[in-house]
Amino acid sequence: MPRVLFIARSLNRSGESRHLKYVTNILKERGYYVKILAYFIQDLFYNFNSDIEILNSKNINKMIHILNKLYSIISRNLKINIENNIVDFIVGKLSKMQQNVFESLINNIPVDFDHYIVLNPDLAVPLHIAKVDGKKYYSIQGFVYGEYSKYIPRKEKYYLDIYEYSLKLPFYFLLSSSFIREEIMKYNKGFKYKIVGNGVDTTIFYPRKSSSEKSDAYKILVILRKSELKGDTVALKVLKEVSKKIKIKAILIGYDKKYHGKLDFDYVSLPYLHDEELAKTYSSADVYLFTSYVEGFGLPPLEAMACGTPVVTTNAKGNMEYTRHEYNALVSEPGDVEGLTKNVIRILTDDKLKERLVENGLKTAKSWTWDKVTDKYEQAFRENSET
């Protein structure tokens, strides 16, 4: 029985954890022994069937915090881009921090697995150093480095510099999109990789019958993330502009009045939803609005398509892996409030356009399955085992 270990910083409600859930569950169904090694649980939002070991070491988390502070001070005071030798000094074998942090991490990595898959840059270094015989992989679902790092809070800059360092390590890379491949090639031209993509579970995300509730207001669904990167401000501006021309009722998942401010259009606020309720909410909307600046893949528009909901989206790079303008969605450039507004109104006022986008969106969603994603993992296992 092949043994696979996934190493993650945390388990939460992110797209990365969703990806992890489906891949690990399917690998287990296919006869693999699968284990997840996570350093803490932020929110166990998904159901995992694999074994999970949570280290939850306060000492490790404390030392990582100190390391973040140290790096921030050095980076700010020297006013330079940290070179590899300085990264090595901080996180390498001679560092006192490494003795307290990375040795603790390394010592918790079991040695009896055939395949080791790390999900986070700051954990890629310990896996690289760890003396294990199994094959090593680096799964990257999102990419916010280089020109996209401007959307990341200052406190996470350390993480981004470790990110660049990790991209140069000799792993076999598992990527969610060709966009990520092109970005990594800027730092590591000869790397080995497999584009595994993402999937949508059409046993959950499928068109539901509309509610019997009658309304003369169009329902526009937006998922807010309290992040500039996700384009929350843009989405709310678009909703305001659309409301000036058409009667709407926005469905806002994740709205936080303290963060987003007071709104002057009609809306209903919902918490983050589990998949079954999320699918029903997609189906209830007349249009789904997605306004991210950059995504490694961007799964929500694909889920909306699977639910028979027309999509207005930005060109967020990774989501163009499956999105085609005028075929299965209407696409604008990131931050283009005027263009996004026009596209939302087009869908709401043009039934033929809406029908075409819905039909093609359903076809698109059916071609992106988690079984196909897991097939790519198995292909990577075979290819990497031959080298």
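Our subject is the structure listed above.
No experiment lies behind these values; they were computed from the predicted model shown.

**Student:** Help me understand the overall build of the protein in this model?
**Tutor:** Helix and strand counts for the protein come out as 15 helices and 13 strands. Contacts in the protein between residues far apart in sequence, at least 24 positions, make up 65% of those at least 6 positions apart. As displayed, the protein has an accessible area near 18200 Å², and 48% of this comes from carbon and sulfur atoms.

**Student:** Explain the packing of aromatic side chains to me, please; I cannot follow it from the model alone.
**Tutor:** The way to describe two aromatic rings as a pair is by their centre distance and the angle between their planes. Considering all chains together, one arrives at 20 aromatic pairs under this definition. Ring geometry for Phe191 and Tyr193: centres 5.2 Å apart, planes at 40°, overall tilted. By relative accessible area, Phe191 is classed as buried at 9%. Between Phe297 and Trp368, the ring centres sit 5.4 Å apart and the planes meet at 65°, which makes this aromatic pair edge-to-face. Placement of Phe297 in the loop between β11 (287–290) and α12 (300–306) and of Trp368 in the loop between α14 (351–366) and α15 (370–385) is noted, with a sequence separation of 71 residues between them. Both residues of the pair, Phe297 and Trp368, belong to the buried class. An aromatic cluster is defined as three or more aromatic residues linked by ring pairs; in this entry it consists of Tyr138, Phe171, Phe173, Phe191 and Tyr193. Cation over ring: Lys21 sits above Tyr22, and NZ or CZ is 4.3 Å from the ring centre.

**Student:** Where do I start with the sheet that holds strand β6 (residues 172–175) in this structure?
**Tutor:** Across a sheet, strands are paired by hydrogen bonds formed along the backbone, either parallel or antiparallel in direction. Pairing in this open sheet of seven strands is parallel, and the strands run β3-β2-β1-β4-β5-β6-β7 from one edge to the other. The strands lining the two open edges of the sheet, one partner per strand, are β3 (51–54) and β7 (192–195). In this sheet, neighbouring strand axes are inclined to one another by 25° on average, regardless of whether the strands run parallel or antiparallel. Summarising the sheet, strand β5 (residues 135–140) and β6 pair through four bridges and their orientation is parallel. Looking at β6, one finds that Ser139 is bridged to Leu174.

**Student:** When you look at helix α1 (residues 15–29) in this model, what are you seeing that I'm missing?
**Tutor:** With 15 residues, α1 extends 21 Å from end C-alpha to end C-alpha; this agrees with the ideal 21 Å at 1.5 Å per step. For α1, the full list of buried residues reads Ser17, Arg18, His19, Leu20, Lys21, Tyr22, Val23, Thr24, Asn25, Ile26 and Leu27. Buried residues belonging to α1 abut β1 (3–11), β2 (33–41), α11 (275–284), α12 and α15. Remark: Gly31 follows α1 within two positions and exhibits a positive phi of approximately 100°.

**Student:** How should the packing of α1 against α15 be read in this particular structure?
**Tutor:** In helix packing, the relevant descriptors are the interaxial angle and the interaxial distance, both defined with respect to the helix axes. Following both chains from N to C, one finds α1 and α15 inclined at 70°, their axes separated by 9 Å at the closest point. The orientation of α1 relative to α15 falls into the category roughly perpendicular. Contacts from Arg18, His19, Tyr22, Val23, Ile26 and Leu27 of α1 reach α15 at Trp370, Asp371, Val373, Thr374, Tyr377, Glu378 and Phe381. Split into classes, the residues belonging to the contact of α1 with α15 amount to eight nonpolar, two polar and three charged.

**Student:** What exactly am I supposed to notice about the environment of Ile106 here?
**Tutor:** Along the chain, Ile106 turns up in helix α5 (residues 102–107). For the pair formed by Ile106 and Ala130, sequence separation is 24 residues and the distance between their alpha carbons is 5.6 Å.

**Student:** It is not clear to me how the nonpolar core should be interpreted in this structure. Could you clarify?
**Tutor:** One broad trend across soluble globular proteins is that nonpolar side chains are buried collectively. Among the nonpolar cores identified, the biggest contains 53 residues, and Phe6, Ile117, Phe205, Tyr282, Leu302 and Tyr377 are the most heavily contacted of them. Filtering out sequence-adjacent residues up to four positions away, Ile117 remains in contact with Val4, Leu5, Phe6, Ile7, Tyr137, Ser139, Leu174, Tyr377 and Phe381. The next biggest cluster of nonpolar side chains, apart from the first, holds 33 residues, and it includes Leu5, Val125, Phe171 and Val294.

Thresholds applied
Residues numbered from 1 in each chain as written. Predicted model: local features only at pLDDT ≥ 70, side-chain atom pairs only at ≥ 80, totals over all residues. Heavy atoms only, no water. Helix = DSSP H or I, 4+ residues; strand = E, 2+ residues; numbered from the N terminus. Contact = heavy atoms within 4.5 Å. Areas by Shrake-Rupley, 256 points an atom, 1.4 Å probe, with all protein chains shown as cover. Phe/Tyr/Trp six-rings, centres within 6.5 Å; stacked < 30°, edge-to-face > 60°. Buried < 20%, exposed > 50% of the residue type's maximum accessible area, 1.4 Å probe, protein only. Lys NZ or Arg CZ within 6 Å of the ring centre and 35° of its normal. Pairing = 2+ DSSP bridges. Axes fitted to C-alpha atoms, helices over the stretch in contact; angles between N-to-C directions. Expected span 1.5 Å × (residues − 1). Parallel < 35°, antiparallel > 145°, perpendicular 65-115°, else oblique. Nonpolar A, V, L, I, M, F, W, Y, C, P; charged D, E, K, R; others polar. Core = buried A, V, L, I, M, F, W, Y, C linked by side-chain atoms within 4.5 Å.

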